[in-house]
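# Architecture and fold: a report
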Amino acid sequence: MLEKSYQPQKVEKLLYEMWESSGAFSAGQRSDPWTVMMPPPNITGSLHMGHALNMTLQDILSRYFRMRGRDTLWQPGIDHAGIATQMVVERQLSEKGIDRRTLGRDEFVKRVWTWKEESGGTIVRQLRRLGASPDWERERFTLDEGLSHAVRTVFVSLYREGLIYRDKRLVNWDCKLLTAISDLEVEQREVKGHLWHFKYPLEHSPTSYITVATTRPETMFGDTGVAVHPDDDRYRHLIGKFATLPLVGRRIQIVADEYSNPEKGTGAVKITPAHDFNDFEVGRRHGLEAINILNAQGCLNETVPDVYQGLDRYEARDKVVADLRVQNLLGDVEDHVHTMPYGDRSGTVIEPWLTDQWYVDAKRLAEPAIEAVEDGRTRFVPKNWENTYFEWMRNIQPWCISRQLWWGHRIPAWYGPDGNVFVAMDEAEASVAAKAEYGNSVDLVQDEDVLDTWFSSALWPFSTLGWPEEKPEVRRHYPGDVLVTGFDIIFFWVARMMMMGLHFMKEVPFRDIYIHALVRDEKGQKMSKSKGNIIDPVLLMDKYGTDALRFTLTAMAAQGRDIKLSEQRVAGYRNFITKLWNASRFGEMNECNFKKNFVPDGCKESINRWIVSRTVETVAAVSEGLESYRFNDAADALYHFVWGTFCDWYLELIKPVLYGDDGPEKEETRAVFGWVLMQSLRMLHPVTPFVTEELYQKLGDEKEQLIMDQCWPDVTGISVDDAAKEELNWVVRLVSEIRSVRATMNVPASAKVPLLSTKASARTADKLKMYESSICRLARLSTIKKGNDVGKGAAQIVFDETTLFLVLGEVIDVAKERARLQKELSNLDGEARKIRNKLSNDKFLTQAPSHVIEEQRERLVEAEMAREKLEEAVERLSSV
């Protein structure tokens, strides 16, 4: 017997252990492969709401296609997360007074491996808590030996093809962590600063000046030009001439470049190629020298005048401003709000820094990756994200792949005594090449840097399968069917997997790329620690059960629309789980058992033919929703069928049969109930795996099996009975309409009132008679009669060709009710008027956050819909 209530905290862990130990997650047990690659979470990470959404959607697809008989591989793994992991271990060492440089590289890396084994499994445990069903036996780590071999193979191959090289370019430099970082690790923050105006004397007329505006005075020592717009009449006569750089005395050329904005600042821009990404490109276009004025710690180096050498960049800023003021070369100083790049882990301002690094020629690799999306070999869902992909890929820059860290894939390059580089799979191979070069054995020194974490992640779709070895898994599961990921890593991961997959596998890595939305708070704001609005998925699972969270995320995962998540939503879907449990318990108590060989196509009773037809339609709708990545449509179909059609209507309509005498009608109804419940559990299983498994184990006729091993509902050959559908849908519509009127008119729930019908067709009269008892019971009616003698205080309902009257004069004060409704109408009009005034106010539209504007629009729609209902209610109140 089922417990009175479902208690997820008691069963979820046990059910997951049962699944995993059974081998149900394992691939290789069927033909017809279906593959999805798990975006490897960082080993330092813990489950956040973005993970919960991403992994839930992947798990839904994996469970669905397993049930469809596909050989499903959901390939799991963890990313070594170079900079994040190194920081964690460095902090632990620092607490003990140990510096990693004192330990040395080898010992430090050992300590990181120890931390990984002892503390690095949090995210994996939490994924199990979420119900994720990847093939854990195939779990990979981006630094395991197999993947490391793949990384070295790719690096050496690309180097020998001329697609990897060393170059001196600008990088995002973290002056605290002393490493280059990727754009994804840079956080743009709005800060209050200043815009300083400096006067640079003109070489041909030292008493005349060209005034530049800058937010970074300290970088002026690296200035090698001034840019003006070619169409700016103020400066056209100065193009090609020179200015003198104050405090230094260097000649710098005035160049014409469209990068300069005549409307911004003075219209003249100081060009510092070694310390600004835009300036770097301007410098390259005009052949300007790039002078690096900073060291790795962000202090001024030996290229600046002696009095500034060794100063921190911000100390230097103050001194530069003060010295220019003394020389009367400081003009206006404006308050200025602008964005600054910060390291997301160090919290320090990131410095564009000119340094030697390793690069991938991304432009050459991008060309076939662009073509693959253009010709449809890979498609984005929703389609609009391909525009983001194209924009980045068509303007792609060289990819900096070296990082100044110790934890990661060490670059397989060794240097000879003269600095000549030898790229090889290992030191022995490099030594052979060096001996051939020098004529004798020499000492080699390996490059100190490691590879960008995204380099190894770019190989994920094939390295995890055993490449470069000729493994059958590679042939079977590459390319994958779909990649499920967020829009924020289209550049950093998706594009790079496309490039590497096409280059090394000669085929796209996945056929579909489903880009899911961002999970925001209930007000539509991005979750962040600083705002204090982070919703912890683990806490929600503990409080409401994992299935409630999963169903919530699925129901809200509409394509192209961010998710506004609130705890109340999760609580609401917990009620859905409870509803399913209670309906199952009701069926068990009334002996509505699932019969494996029962075929519902020959039902005699209209009510049973109706629910079977609705089941067939729901199977089709859910299947279509999942296979087209319209997860919210699938959840919506499930919700309305299970809660509405099955629990609210079918269950209530069959109660008289189940409570009545035994006979063929009761026997058929019990069998149909059991069949519909089992199809519902199977349809729900990909979304709500725990409660469906628990119910199947308690109610299924093959309890030694798992529901996740069952087939997806096969309703082939079961016809939809249109006549039964029309008949019962009519009953549902009628009862719903009567209930709506009762609710609007404040009719007490206990009050039973008469219903009068006029102008009813013969068919309608027959249906009223046939279902009279059910309609009366469900709509709380005392009688249903024909008649035109309506009397006073009746609410009119126009229903198809029939006019119905709900006689309310004896249970409510009609005049008082009409006045109440009129007052509510007036209040709604006032509220709508206020909202319209806001939405027509240009100041509000330009200054209010987008989520606030959207909330106002939603409130206006809600107010207008409520007004329509109230107007209908007022019209219904007739006084005869």
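Data block above holds the structure.
Small disclaimer: the values here were computed from a predicted structure and weren't measured.

With that out of the way, let us pick up the overall build of the chain. For the chain, the count of helices and strands is 29 helices and 30 strands. Projected onto its principal axes, the C-alpha positions of the chain cover 105 × 65 × 55 Å. Here the chain, with 880 residues, has 55% of them falling under the buried criterion. Considering only intrachain contacts with a sequence separation of at least 6, the fraction spanning at least 24 residues in the chain is 77%. Looking at the chain as shown, the accessible area adds up to about 39100 Å², and 47% of this sits on carbon and sulfur atoms.

Summarising the element assignment, Ser-463 is placed in helix H14 (residues 460-463). Apart from the residues lying within four places of it in its own chain, the contact partners of Ser-463 are Arg-140, Leu-147 and Ala-150.

Here we take up helix H24 (residues 722-744). The end-to-end C-alpha distance of H24 is 32 Å, a good match for the 33 Å that 23 residues give at a rise of 1.5 Å each. Turning to H24, its buried residues number three or more, namely Ala-724, Lys-725, Glu-727, Leu-728, Trp-730, Val-731, Val-732, Leu-734, Val-735, Ile-738, Val-741 and Arg-742. Residue Asp-721 occupies the N-cap position of H24, its side-chain oxygen lying 3.1 Å from the main-chain nitrogen of Ala-723. Asn-746 lies just past H24 and shows a positive phi near 60°.

Let us look at the sheet that holds strand S14 (residues 351-360). If you trace the 4 strands from one edge of the open sheet to the other, you get S6-S5-S14-S16, paired in antiparallel fashion. The open sheet has two free edges, formed respectively by strand S6 (179-181) and strand S16 (399-400), since each of these has just one partner strand. Looking at chain direction, strand S5 (residues 164-174) and S14 are connected through 10 bridges and run antiparallel. Each residue of the ladder has a partner; that of Trp-173, found in S14, is Glu-351. On top of the sheet, helix H8 (residues 277-286) reaches S5 and S14; it is set at about 140° to S5, its chief contact.

Using the criterion set out here, one finds 1 cavity of 30 Å³ or more in the structure. In this structure, the largest cavity encloses a volume near 30 Å³. Across the lining of the largest cavity, the residue classes break down as 3 nonpolar, 2 polar and 4 charged.

Right, let's get into unusual backbone geometry. A cis amide bond, omega -5°, links Val-381 with the succeeding residue Pro-382. Within the secondary structure, Pro-382 sits in the loop between strand S15 (379-381) and helix H11 (385-394). Residue Pro-468 is bonded to the preceding Trp-467 through a cis peptide linkage, with omega at 15°. Notably, Leu-247 is not glycine yet its phi reads approximately 70°, a positive angle. Along the chain, Leu-247 falls in the loop between strand S10 (242-244) and strand S11 (251-256).

With that settled, consider the sheet that holds strand S20 (residues 445-446). Read across the sheet, 3 strands follow the order S19-S18-S20 without closing on themselves; strand pairing throughout is antiparallel. Of all strands in the sheet, those bounded by a partner on one side alone are strand S19 (421-423) and S20. Bridge count between strand S18 (residues 413-415) and S19: 3 bridges; the pairing is antiparallel. Pairing of Ala-413 across the sheet is with Val-423, part of S19. Where helix H12 (residues 427-438) meets the sheet, its contacts fall on S18 and S19, and the angle it forms with S19 comes to roughly 135°.

Reading the values: rules and limits
- Here the residue numbers are simple positions, counted from 1 along each chain's written sequence.
- Given that the model is predicted, a residue must reach a pLDDT of at least 70 before its local features are reported, and side-chain atom pairs must reach 80 or more before they are shown or counted; all residues, however, enter totals for whole chains, interfaces and linings.
- Working from all heavy atoms in the structure, the side-chain values ignore hydrogens and water.
- Numbering goes from the N terminus for both helices and strands, where a helix is a DSSP run of H or I of at least four residues and a strand is a run of E of at least two.
- Think of it in three bands: residues with accessible area under 20% of the maximum for their type are buried, residues over 50% are exposed, and the middle band is partly exposed, with areas taken using a 1.4 Å probe on protein chains only.
- Contact definition: two residues touch when any of their heavy atoms are within 4.5 Å.
- Areas reported as accessible are Shrake-Rupley estimates using a 1.4 Å probe. Residue values count occlusion only from the protein chains shown.
- The span one expects for a helix is its residue count, reduced by one, times 1.5 Å.
- Counting of polar contacts relies on pairs of N or O atoms within 3.5 Å, with two restrictions inside protein: one atom must be capable of donating a hydrogen and the other of accepting it, and residues adjacent in sequence are counted only when both atoms are side-chain atoms.
- A pair of strands is treated as paired once DSSP finds two or more bridges between them.
- For helices, the fitted axis covers only the stretch in contact; all axes are lines through C-alpha atoms, and the angles between them, taken along N-to-C directions, range from 0 to 180 degrees.
- Cavities and pockets were defined on a 1 Å grid built from protein atoms only: a cavity is a group of points that admits a 1.4 Å probe but offers it no way out, a pocket is an open group of points flanked by protein on both sides within 12 Å along at least five of seven lines, and a lining residue is one with an atom within 4 Å of any such point.
- Grid points are joined across faces, edges and corners, and a volume is the space filled by probe spheres set on the points.
- When residue character is reported, Ala, Val, Leu, Ile, Met, Phe, Trp, Tyr, Cys and Pro are called nonpolar, Asp, Glu, Lys and Arg charged, and the others, Gly included, polar.

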